[in-house]
Each structure stands twice: as structure tokens, then as C-alpha cells.
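Residue-level listing of the chains:
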Amino acid sequence: MKDILTAPFVEEMKETTANMYHWGWDERNGGNISYMLHENEVAEYLDLNHVIRTIPTGFDATDLIGKLFIVTGTGKYFKNVKRDPVNNLGIIRIAQDGTTAELLWGYEDGGKFTSELPAHLMTHMSRRKVNPENRVVMHCHPTHTLAMNFVHELDEAKFTHTLWQMCTECIVVFPDGVGILPWMLCGNNTIGEATAEKMKDFRVVIWALHGIYGVGKDLDEAFGLIETVEKAAQIYMLTCNRPQINTIQNHQLQELAEAFGVNYRKDFLNF
Ligand code: 2HA
Ligand code: ZN
């Protein structure tokens, strides 16, 4: 059996959480990631029959029975994952009852998965219906996106349109736009269900005045999506107090979308 600390998926989690921390997206215990792993890739490092302990998830994830995930721990700091992966990360499998997680590795100090696991697993279920390749759900608190929540109308069409106008590549990276949920209490099934519902239409969902959810087929894709939204929000925040002399026009956004062959939200362009 190979050493799990050398597994590419552990390395990727370490690198991604460190990057997110250094960008200022994950202060203290802010943020969480879940990354679906293939059974054969994990079997090289762990005995899949050895369950360390079981942890109730508090909801039914029948669609994900038998699926494996590497997940950041509740109360844990992204800052510390790289130095101490075995206490800050865990690998779980959704048990046959659909409501229990079987711990296969990690959370060694007795911890457990993120309190946002309902939102993550419900999002995985929802996104995999749209794209079976989806494996990553990422949540964080990117500074400028959050700042923009306080000064920009929280209307999905208007918010997306403003972001599209901030960087030429935005409409190509997120042609499907940005979904927005109103402020809600986090860490429960209600916000999980609402997030998963939005994820039927969007790959990026803002939790108003809290943070963002992004998804992707791998960590790079989810990270890149959030990074692009955050870059656009930063440019908005740098320019919104000044007279705007230039802007990317609607016909130019349309030209971009057509040139790159992306299926964009036309109702977000002309409203
Ligand atoms: O895990 O970001 O939304 C801490 C959070 C909760
Ligand atoms: Zn959060």
C-alpha cells in the first residue's frame, strides 16, 4: 500500500487550500472543499474495508451511496492543511443507508467533516445530474466578491452583467452566470437544498453577504471559476467610485460569446 500523504489528491488539496488561504479567501476556519475520489485511486493508498468510525451526516444522500470524498474538517483552518493534512482533512464514504459517513482516513484528532457537508453533498447530487464529470464543490469568502455584495444590487442578471463587463474573459469562463441566494443561516439542510436548487442552473452561487460556492470537474476548474469571479469583483470595487469612461459593450460581450462558442445567458445580457 502506498503512503497516502504522497497521493496526488492529498497533494492537490494541500496546494489548493494554501492558495485559497494566501488569496485571503479563507480566514480562520472559513471555507470548505469536498472532492469526489475514484475508488480505484484511493484503493492504492487505503484499505477500503477498514472503516475507522462512522459519522451521521444528518440527511439523506442516497444518490451518493458508496461514493468517496476528501473533505476539509469542521472548525479547521485552511492555513494549516498543508502542514497537518491528517488532522485537517478526512476521506469519507457515504454508507449504504445514505445518511452515514464512513471515515476511512483523517480527522485524526477526533474531528469531522465541514458543517457545510449538506450543502456540498446536495450540490454534488444536483450538479452530477447536469454534468456527471463534476467532482468538486468549493466554498470560500473571497474579499472583493463579498465587498461587492454590499454595494451592488443582488439581482442575478444585473450582478452577472456587471461582472461580465469587468474582464473580457468573464463571459467565456462563466457564460451561465452567477446565481445568488439571499442571506440565510448557514450550516444546515435548508441552505443546502437552496444551494443545490440554484446549482441546477449555475456553477457559481453567491451566498449573499457570506461567500461563494463554485464547482468543477477538478480542483483547478472550481478554483479558476471562483478566481475569475473574484478578479472581476476586484476590478468593480476598484472602479465603482470613479466616473466610468469606458466599458465592454453588450454587442462586444455577444461577439466574445459567439467567437468562443459558449452558451451564455442571453436574458442576462439584454434586460
Ligand atoms: O466552514 O465558511 O460557511 C466555515 C464556513 C461556513
Ligand atoms: Zn462560509
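Right above here is the structure, for reference.
Residues numbered from 1 in each chain as written. Chains lettered and ligands numbered in written order. Predicted model: local features only at pLDDT ≥ 70, side-chain atom pairs only at ≥ 80, totals over all residues. Heavy atoms only, no water.

Next up on the list: the overall build of the protein. A tally of regular secondary structure across the protein gives 11 helices and 9 strands. The globule rule puts the C-alpha radius of gyration for 271 residues at 18 Å, and the 19 Å found for the protein is close to it. With the C-alpha coordinates aligned to their principal axes, the bounding extent of the protein is approximately 60 × 35 × 35 Å. Per-residue burial for the protein yields a buried fraction of 55% across its 271 residues. Restricting to contacts in the protein with at least 6 residues of sequence separation, those with at least 24 account for 74%. (Helix = DSSP H or I, 4+ residues; strand = E, 2+ residues; numbered from the N terminus. Rg over C-alpha atoms; globule rule 2.2 N^0.38 Å. Buried < 20%, exposed > 50% of the residue type's maximum accessible area, 1.4 Å probe, protein only. Contact = heavy atoms within 4.5 Å.)

Taken together, Asn29, Gly30, Gly31, Asn32, Glu116, His139, His141 and His210 make up all the residues around ligand 1. One nitrogen or oxygen atom from the side chain of Asn32 is found 3.0 Å from an oxygen atom belonging to ligand 1. Measuring from an oxygen atom of ligand 1, one finds a side-chain N or O atom of His141 at 3.0 Å. Within the complex, the protein chains bury 87% of what would otherwise be the 220 Å² of accessible surface of ligand 1. Among the cavities detected, the one that contains ligand 1 is the largest pocket. When the residues that make up the shell around ligand 1 are grouped by side-chain class, the tally is no nonpolar, 7 polar and 1 charged. (Near = heavy atom within 4 Å. Polar contact = N/O pair within 3.5 Å; in protein donor to acceptor, adjacent residues only side chain to side chain. Areas by Shrake-Rupley, 256 points an atom, 1.4 Å probe, with all protein chains shown as cover. 1 Å grid on protein atoms, 1.4 Å probe; cavity = no way out; pocket = protein on both sides within 12 Å on 5 of 7 lines; lining within 4 Å. Sits in = over half its atoms within 2 Å of the grid points. Nonpolar A, V, L, I, M, F, W, Y, C, P; charged D, E, K, R; others polar.)

Turning to the packing of helix α6 (residues 143-151) against helix α7 (residues 156-166), a few remarks are in order. Packing of α6 against α7 brings their axes to within 12 Å, and their N-to-C directions diverge by 130°. Classified by the angle between their axes, α6 and α7 sit oblique to one another. Where α6 crosses over α7, the two elements pack in a sense that is right-handed. Within the contact between the two elements, α6 uses Thr145, Met148 and Asn149 and α7 uses Phe159, Thr162 and Leu163. (Axes fitted to C-alpha atoms, helices over the stretch in contact; angles between N-to-C directions. Parallel < 35°, antiparallel > 145°, perpendicular 65-115°, else oblique. Left-handed = near helix turned anticlockwise from the far one by under 90°.)

This part is about the sheet that holds strand β1 (residues 32-37). Read from one edge of the open sheet, 9 strands run β2-β5-β4-β3-β1-β6-β9-β8-β7, paired in mixed fashion. Sheet topology places β2 (53-56) and β7 (179-181) at the edges, where each strand pairs with a single neighbour. The sheet shows a mean angle of 25° between the axes of neighbouring strands, direction not considered. Bridge count between β7 and strand β8 (residues 204-207): 3 bridges; the pairing is parallel. Among the inter-strand pairings, Ile180 is bridged to a residue of β8, identified as Ile206. (Pairing = 2+ DSSP bridges.)

Take the layout of surface pockets next. Of the volumes computed, that of the largest pocket is approximately 160 Å³. Around the largest pocket sit 14 residues that line it, and Asn29, Gly31, Asn32, Ser115 and Glu116 are the ones nearest its centre. Tallied by class, the residues present in the lining of the largest pocket amount to 1 nonpolar, 12 polar and 1 charged. (Points joined across faces, edges and corners; volume = space filled by probe spheres on them.)

With that settled, the discussion passes to the nonpolar core. Core analysis: the largest hydrophobic core is formed by 69 residues, its most contacted members being Phe9, Ile70, Ile91, Trp105, Leu163 and Trp164. Of all the elements, helix α10 (residues 219-239) adds the most residues to this core, at 9 residues. One finds Leu64, Ile92, Ala101 and Met125 within the second-largest nonpolar core, a separate group that totals 18 residues. (Core = buried A, V, L, I, M, F, W, Y, C linked by side-chain atoms within 4.5 Å.)

For the rest of this paragraph, the subject is the coordination of the zinc ion (ligand 2). Coordination of the zinc ion (ligand 2) by the protein comes from His139 (NE2), His141 (NE2) and His210 (NE2), over a distance range of 2.0 to 2.1 Å. Sequence spacing of the donors to the zinc ion (ligand 2): H-x1-H-x68-H. Of this pair, His141 sits in the loop between β6 (136-140) and α6 while His210 sits in the loop between β8 and β9 (211-216), and the two are 69 residues apart along the sequence. A residue is classified by how much of its surface remains accessible, and His210, at 18% relative accessible area, is buried. (Donors = N, O, S within 2.8 Å, 3.2 Å for Na, K, Ca; no water.)

Remember, this is a structural readout, not a statement about activity or role.
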